[in-house]
Amino acid sequence: MNEQRDILFARLKQIRSQLKNMSINDLFTLNPKRFEEFSTSLDDMILDYSKVHVNNDVMTTLFKLAKACDVEEKRDAMYRGDKINITENRAVLHIALRNKPNKPIYVDNRDIMQDVQEGLEKMQKFANGIRDGKIVSSSGEAFTDIVNIGIGGSHLGPAMVTQSLKPFHDGPNVHFVSNIDSSHITDTLSNLDPSKTLILIASKTFTTIETMTNAKTAMKWMSNAIGEENAGKHFAAISTALEKTKDFGISEDRVFGYWDWVGGRYSIWSSIGLGVMIAIGTDNFSQFLDGAYEMDEHFKNTPIEQNMPVILGLIGIWHRNICEYPTRAILPYDQRLSSFPSYIQQLDMESNGKSISSSGESLYEKTGAIVWGDAGTNSQHSFFQLLHQGSQIVPCEFMLGVNKSENDMKEHNDLLIANCLAQSQALMAGRRIDEVIRVLEKRGVPHEESIRLAPHRQFNGNRPSSTLLYKKLDPKTLGKIIALYEHRVFVEGIIWGVDSFDQWGVELGKELATEMLTHVQETHKKKKEYTHKDMDSSSAGLLNAISAWQE
Ligand SMILES: O=P(O)(O)OC[C@H]1O[C@](O)(CO)[C@@H](O)[C@@H]1O
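- For the protein chain, an unreviewed UniProt entry supplies the name Glucose-6-phosphate isomerase and the organism Poseidonibacter parvus.
- A UniProt comment under Function (unreviewed entry) is attached to the protein chain, and it reads "Catalyzes the reversible isomerization of glucose-6-phosphate to fructose-6-phosphate."
- Per its UniProt entry, the protein chain bears the Sequence similarities (unreviewed entry) comment "Belongs to the GPI family."

Structure follows, in structure tokens:
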């Protein structure tokens, strides 16, 4: 229990109730310099949080909260390589993977930077070989297609980054298979020529049932097409479990290892990024790491009052614990970032979706918000109705790139930018009922009718949002953005007191699925009728229906 934290939470709740008399709009009217004072920047990236319902008093108290929870000390402990993942007794060192100057970092008294460097060089050699056509298929041809088989952190990162960096993609096509649903692998492989396809099996543990099942299916597909003796040339593995990759039959030179101090959802910077490196090339991948390194340095060295991840994290705490908003929406106005919200869902919800503190006590304050979202402007035409007029307030995190890669699409881009800015403005400003009536009457709608329609067309406004503005979505910027969100999750996790780096909550479902599998396999025999004596009557009833309907 952190008494100081509790006092500051109470103080923040007090300020919040006083602040309720003043809207975000009012705060802008009172302070013409609000944008300058409530935004922070790093090179060509600005985090504008002036449209969040906070004032100086709130921010000062939030900064005190960060200090009281030792955010800076704990950050330093992470950078140092301390074993801050308490429940797994592991260091947390994704920052080592982008530690470009190779400054020593010690785990168990050993500098890990040499391993990191060697790992990166092995990846680079392989990626260059595939891209140059020097590493060839069993028939001596260059690989045209790469299939990354993985799930969770071994899928979401590479898939999102590959999609986001499309303009930089000049290597072979890269495809992604994650779901255990066979339609995913069947639909993907059906369009590919096995003789020119390379399969990357990406799994930290090399035990995940989805990945291992898909890997075996891919191996069968490949062996049937080109012969078992040739299939090995078409596979590579990315894992920390080197014994298991060997058992699967992948030769050592085709195995790209990483380390237990890299969490799955923090692993895009490791060999898990191999597919990305093959797609965009080693120089662009290096830029991607550079961007993350810049954010790491900013997080480490910038005073918390200007520190982007700290501020984003504190705003998260403000919204979750003080305003009690249960969710937050991530809204990239950038089609290529359309899978960024689902990437952040894993990063954020798997990290901070906990109700037990690192030291094993039940937490009484709410933790991880529900994260959701989609790309603008598409999302305007689906769920924005609720954002503007729904009974729940959802803090929105807009993301906007100023420039696109296509110079000739200015007309599109101007509209995209205008829409993004207009949405955050509309959420904040709203539209009062008298204004609605005035507008309707001006359009010639009779007075009675205007009064009838007005309640449906009014907007309360005062809905908070932040905007992350960046110059252009290139590898460096993307690296910076991802690292920003990683550190934000860290800041929130420290304040809540959870271990942000384990994920025990996914284990029970995995265990029960293994038990359930035997029942599902039984249904094929159609011999058994399940009842409430075997299991809960819902599962029993569903199994019986599955058995009856199976073709
Ligand atoms: O890389 P692996 O070991 O196959 O795990 C995949 C994913 O499964 C999880 O362990 C649980 O969903 C994630 O944390 C991880 O990213």
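Here the narrative resumes.
1. Considering the nonpolar core
Within soluble globular proteins, side chains that are nonpolar tend to cluster in buried spots.
In step 1: With 110 residues, the main nonpolar core has Trp261, Trp318 and Phe340 as its most contacted residues.
In step 2: At 12 residues, helix 20 (residues 475-496) tops the list of elements feeding residues into this core.
In step 3: Split by domain, the residues of this core number at least three in each of domain 1 (2-68 + 302-429 + 463-502) and domain 2 (96-286).
In step 4: Dropping the residues within four chain positions of it, phenylalanine 340 is found in contact with Met160, Ile330, Met399, Ile481, Ile482 and Tyr485.
In step 5: By size, the runner-up hydrophobic cluster in this structure holds 22 residues, among which are Ile149, Leu189, Phe206 and Met212.

2. Some thoughts on the site of the ligand
In step 1: Around the ligand lies a shell of 13 residues, among which Ser154, Ser203, Thr205, Thr208 and Glu350 are the nearest.
In step 2: A distance of 2.6 Å is found between an oxygen atom of the ligand and a side-chain nitrogen or oxygen belonging to serine 203.
In step 3: At 2.5 Å, a side-chain N or O of threonine 208 approaches an oxygen atom of the ligand.
In step 4: Alone, the ligand offers 390 Å² of accessible surface; in the complex the protein occludes 87% of this.
In step 5: Split into classes, the residues belonging to the shell around the ligand amount to 2 nonpolar, 9 polar and 2 charged.

3. A short note on the pattern of salt bridges
In step 1: Inspection of every chain in the model, using the stated rule, returns 33 salt bridges.
In step 2: With a shortest N-O distance of 2.7 Å, arginine 488 and glutamate 397 are connected by a salt bridge. Of this pair, arginine 488 sits in helix 20 while glutamate 397 sits in strand 12 (residues 396-403), placing them 91 residues apart in sequence.
In step 3: Look at glutamate 397 and you get buried, because its relative accessible area is 6%.
In step 4: Within the structure, one salt-bridge network assembled from shared partners comprises Asp43, Asp44, Glu294, Lys476 and Lys480.

4. Some words on the sheet that holds strand 7 (residues 197-202)
Picture the strands of a sheet paired through backbone hydrogen bonds; they go either parallel or antiparallel.
In step 1: Sheet architecture is open: 5 strands sit in the order 6-5-7-8-9, paired in parallel fashion. A single partner strand is all that each edge strand has here, and the edge strands are strand 6 (173-177) and strand 9 (255-257). When strand polarity is set aside, the average angle formed by the axes of neighbouring strands in this sheet is 20°.
In step 2: Where strand 5 (residues 145-149) lies against strand 6, 5 bridges are found, and the strand directions are parallel. Across the sheet, asparagine 148 pairs through a bridge with phenylalanine 176, a residue of strand 6.

5. What to know about the packing of helix 13 (residues 282-301) against helix 14 (residues 308-322)
Two packed helices can be described by the angle between their axes and the distance between those axes.
In step 1: Across the interface, helix 13 lies against helix 14 with an axial gap of 7 Å and an inter-helix angle of 75°. Judged by the angle between their axes, helix 13 and helix 14 are roughly perpendicular. Along the contact surface, helix 13 presents Met295, His298 and Phe299, while helix 14 presents Met308, Pro309 and Val310.
In step 2: Tallied by class, the residues present in the contact of helix 13 with helix 14 amount to 5 nonpolar, 1 polar and no charged.

6. Focus on the packing of helix 18 (residues 433-442) against helix 19 (residues 447-457)
In step 1: Closest axis-to-axis distance for the helix 18/helix 19 pair is 9 Å, and the angle between their directions is 135°. For the element pair helix 18 / helix 19, the angle class is oblique. In the crossing of helix 18 with helix 19, the sense of the turn from one axis to the other is right-handed. Where helix 18 abuts helix 19, its residues Ile433, Val436, Ile437, Leu440 and Glu441 lie against His447, Ser450, Ile451, Leu453, Ala454, Pro455 and Arg457.
In step 2: Grouping the amino acids of the contact of helix 18 with helix 19 by side-chain chemistry returns 8 nonpolar, 2 polar and 2 charged.

7. Here we look at helix 18
In step 1: For helix 18, every residue scored as buried is listed here: Val436, Ile437 and Leu440. Angular distribution of buried residues about the axis of helix 18 spans 100°; they occupy a single face of the element. Away from its buried face, by an angle of more than 90 degrees, helix 18 presents the exposed residues Arg438 and Lys442.
In step 2: Contact partners of the buried residues in helix 18: helix 19.
In step 3: Just past helix 18, the residue glycine 444 takes up positive phi, approximately 95°.

8. Some details on the layout of surface pockets
In step 1: As a volume, the largest pocket reaches approximately 1200 Å³.
In step 2: Along its surface, the largest pocket is lined by 44 residues, and Thr205, Thr208, Val506, Glu507 and Lys510 are the ones closest to its centre.
In step 3: Secondary-structure elements contributing two or more residues to the lining of the largest pocket are helix 9 (209-226), helix 15 (340-352) and helix 21 (507-523).
In step 4: If one sorts the elements of the lining of the largest pocket by residue count, helix 21 sits on top with 7 residues.
In step 5: Residues of the lining of the largest pocket, tallied by class, amount to 15 nonpolar, 19 polar and 10 charged.
In step 6: Forming the boundary of the second largest pocket are 24 residues, of which Lys74, Ser358, Ile494, Gly497 and Val498 lie nearest the centre.
In step 7: At 5 residues, helix 20 tops the list of elements feeding residues into the lining of the second largest pocket.
In step 8: Across the lining of the second largest pocket, the residue classes tally to 12 nonpolar, 8 polar and 4 charged.

9. Digging into a nonpolar patch on the surface
In step 1: A cluster of nonpolar side chains, Met516, Leu517 and Val520, forms an exposed patch at the surface whose accessible area comes to about 210 Å².
In step 2: One can find leucine 517 in helix 21.
In step 3: Residue leucine 517 is classed as partly exposed on the basis of its relative accessible area of 45%.

Procedures and definitions
The numbering scheme is per chain: residues are counted from 1 as the chain's sequence reads. Confidence filtering applies because this is a predicted model: local features only for residues at pLDDT of at least 70, side-chain atom pairs given and counted only at 80 or more, and all residues used for totals across whole chains, interfaces and linings. Water and hydrogen atoms were dropped before computing side-chain values, which therefore reflect all heavy atoms in the structure. UniProt positions are given in the numbering used here, feature names are shortened, and annotations may be inferred rather than shown by experiment. Residues enter a nonpolar core if they are buried and are Ala, Val, Leu, Ile, Met, Phe, Trp, Tyr or Cys, with the set joined through side-chain atoms within 4.5 Å. For every residue, the accessible area obtained with a 1.4 Å probe (protein chains only) is divided by the maximum for its type, and the residue is called buried under 20%, exposed over 50%, and partly exposed between those limits. Secondary structure elements are defined from DSSP: runs of H or I of at least 4 residues count as helices, runs of E of at least 2 residues count as strands, and each element is numbered from the N terminus. Each domain's limits were defined by an automated method or a database of domain assignments. The contact criterion used is simple: two residues touch if any of their non-hydrogen atoms lie within 4.5 Å. Nearness is judged by heavy atoms alone; a residue qualifies as near a molecule or strand once a single heavy atom is within 4 Å of it. Here a polar contact is taken to be a pair of N or O atoms separated by no more than 3.5 Å, where protein atoms must pair a possible hydrogen donor with a possible acceptor and residues adjacent in sequence count only if both atoms sit in side chains. The Shrake-Rupley method, run with a 1.4 Å probe sphere, supplies the accessible areas, and residue values consider only the shown protein chains as cover. Ten residues, namely Ala, Val, Leu, Ile, Met, Phe, Trp, Tyr, Cys and Pro, are considered nonpolar, four, namely Asp, Glu, Lys and Arg, are considered charged, and the remaining ones, Gly among them, are considered polar. Salt bridges are defined by distance alone: a side-chain nitrogen of Lys or Arg within 4 Å of a carboxyl oxygen of Asp or Glu. Here, strands pair whenever DSSP counts at least two bridges between them. Here an angle of 0 to 180 degrees is reported between the N-to-C directions of two axes, which are lines fitted to C-alpha atoms, with helices fitted over the stretch in contact. Relative orientations are named as follows: roughly parallel for angles under 35 degrees, roughly antiparallel for angles over 145 degrees, roughly perpendicular for angles from 65 to 115 degrees, and oblique for any other angle. Whether a crossing is left-handed or right-handed is set by the direction in which the near helix is turned from the far one by less than a right angle, anticlockwise for left-handed and clockwise for right-handed. As used here, the arc is the angular range of directions from the helix axis to the C-beta atoms. Detection works on a 1 Å grid of protein atoms alone, calling trapped sets that fit a 1.4 Å probe cavities and calling open sets with protein on both sides within 12 Å along at least five of seven lines pockets, with lining residues defined by an atom within 4 Å of a point. Grid points are joined across faces, edges and corners, and a volume is the space filled by probe spheres set on the points. Only residues whose relative accessible area exceeds 30% and that form no salt bridge enter a patch; like-charged residues are grouped when within 9 Å of one another, and nonpolar side chains (Val, Leu, Ile, Met, Phe, Trp, Tyr) when within 5 Å.

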